[in-house]
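Now for the letters of each chain:
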Amino acid sequence: QVQLVESGGGLVQPGGSLRLSCAASGSIFNIYAMAWYRQAPGKERELVAVINSGGNTNYPDSVKGRFTISRDNAKNTVYLQMNRLKPEETAVYYCNFKRNFPYYDYWGQGTQVTVSS
């Protein structure tokens with residue numbers, strides 16, 4: 001069974017930084033992209049970063065220049081470096097592996113990020 005295990009969340013002051021990690025265990029095939037999403041209470045889940053098999057990345061304007069997604073394919077691991085964090089970015093952050101043939105999304109359990117003084 002494929003499992004995604006996230007780590008690195010916690011409490012950080014406004015303007016601080018965190019690095020999230022997500023490692024996949026089990027036999028996993030046909031992953032064409034890895035991504036990070038976040039969801040705050042009362043809000044819809046939103047994409048914050050994605051990296052495809054060619055190494056191309058995309059970010060929404062809200063995090064561009066502050067967040068960086070990276071991956072280590074040999075370790076089946078994806079990272080999210082978050083800098084200059086804002087209080088409104090407090091949320092549960094989820095990693096996501098996108099599979100094709102057939103299409104399917106694998107999700108991590110989520111890790112809480114709290115940005116507060």
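Anyway, here's the lowdown on the structure attached to this text. (Residues numbered from 1 in each chain as written. Predicted model: local features only at pLDDT ≥ 70, side-chain atom pairs only at ≥ 80, totals over all residues. Heavy atoms only, no water.)

**As for the packing of aromatic side chains**
All told, the structure shown has 3 aromatic pairs when counted by the stated rule. With a centroid separation of 5.0 Å and 70 degrees between ring planes, the pair formed by Tyr-104 and Tyr-106 is classed as edge-to-face. Residue Tyr-104 is classed as partly exposed on the basis of its relative accessible area of 45%. Tyr-106 sits in the buried class, given a relative accessible area of 14%. The aromatic ring of Tyr-79 is capped on one face by Arg-19, whose charged end is 4.3 Å from the ring centroid. Note that Arg-45 overlies the ring of Tyr-37, its terminal NZ or CZ placed 5.2 Å from the centroid. (Phe/Tyr/Trp six-rings, centres within 6.5 Å; stacked < 30°, edge-to-face > 60°. Buried < 20%, exposed > 50% of the residue type's maximum accessible area, 1.4 Å probe, protein only. Lys NZ or Arg CZ within 6 Å of the ring centre and 35° of its normal.)

**Description of the pattern of salt bridges**
Evaluation of the coordinates by the stated rule reveals 4 salt bridges. Between Arg-38 and Glu-46 there is a salt bridge whose closest N-O contact spans 2.7 Å. Arg-38 is paired through a salt bridge with Glu-89; the nearest N and O atoms lie 3.4 Å apart. Remark: Glu-89 occurs in the loop between strand E8 (77-82) and strand E9 (91-99) and Arg-38 occurs in strand E4 (residues 31-39); sequence separation between them is 51 residues. In terms of burial, Arg-38 and Glu-89 fall into one category: buried. Linked through salt bridges whose partners overlap, the residues forming this network are Arg-38, Glu-46, Arg-66 and Glu-89. (Salt bridge = Lys/Arg side-chain N within 4 Å of Asp/Glu carboxyl O. Helix = DSSP H or I, 4+ residues; strand = E, 2+ residues; numbered from the N terminus.)

**Some details on unusual backbone geometry**
Each neighbour pair has its own omega, and for Phe-101 with Pro-102 the value is -5 degrees, a cis peptide bond. Looking at the element boundaries, Pro-102 is found in the loop between E9 and strand E10 (104-107). The phi torsion at Asn-30 lies on the positive side, around 60 degrees, for a residue other than glycine. As for its placement among the helices and strands, Asn-30 is situated in the loop between strand E3 (18-25) and E4. Asn-30 gets classed as partly exposed once you look at its relative accessible area, which sits at 42%. The phi torsion at Arg-84 lies on the positive side, around 50 degrees, for a residue other than glycine.

**Quick notes on the side chain of Thr-77**
Along the chain, the position of Thr-77 falls in strand E8. Among the residues examined, Thr-77 registers a relative accessible area of 7% and is labelled buried. Polar contacts involving the side chain of Thr-77 include one to the main-chain carbonyl oxygen of Lys-75, which spans 2.9 Å. Beyond its immediate sequence surroundings of up to four residues, Thr-77 is in contact with Cys-22, Ala-23, Met-34, Ser-70, Arg-71 and Asp-72. (Polar contact = N/O pair within 3.5 Å; in protein donor to acceptor, adjacent residues only side chain to side chain. Contact = heavy atoms within 4.5 Å.)

**Section: the nonpolar core**
Counting residues in each nonpolar core, the largest one holds 28 residues, and the members touching the most others are Trp-36, Leu-80, Met-82, Tyr-93 and Phe-97. Only E3, E4, strand E5 (46-52), strand E7 (67-72), E8, E9 and strand E11 (111-115) provide two or more residues apiece to this core. Apart from residues lying up to four places away in sequence, Leu-80 is in contact with Leu-18, Arg-19, Leu-20, Trp-36, Val-48, Ala-49, Phe-67, Thr-68, Ile-69 and Tyr-93. (Core = buried A, V, L, I, M, F, W, Y, C linked by side-chain atoms within 4.5 Å.)

**Some words on the state of the cysteines**
One pass over the structure, following the stated rule, counts 1 disulfide. Note that Cys-22 is cross-linked by a disulfide to Cys-95, the S-S spacing being 1.9 Å. Between Cys-22 and Cys-95 the sulfur-sulfur dihedral comes to about 40 degrees; the bridge is accordingly right-handed. With Cys-22 in strand E3 and Cys-95 in strand E9, this residue pair connects regions lying 73 residues apart in the sequence. For Cys-22, a relative accessible area of 0% corresponds to the buried category. (Disulfide = S-S within 2.5 Å.)

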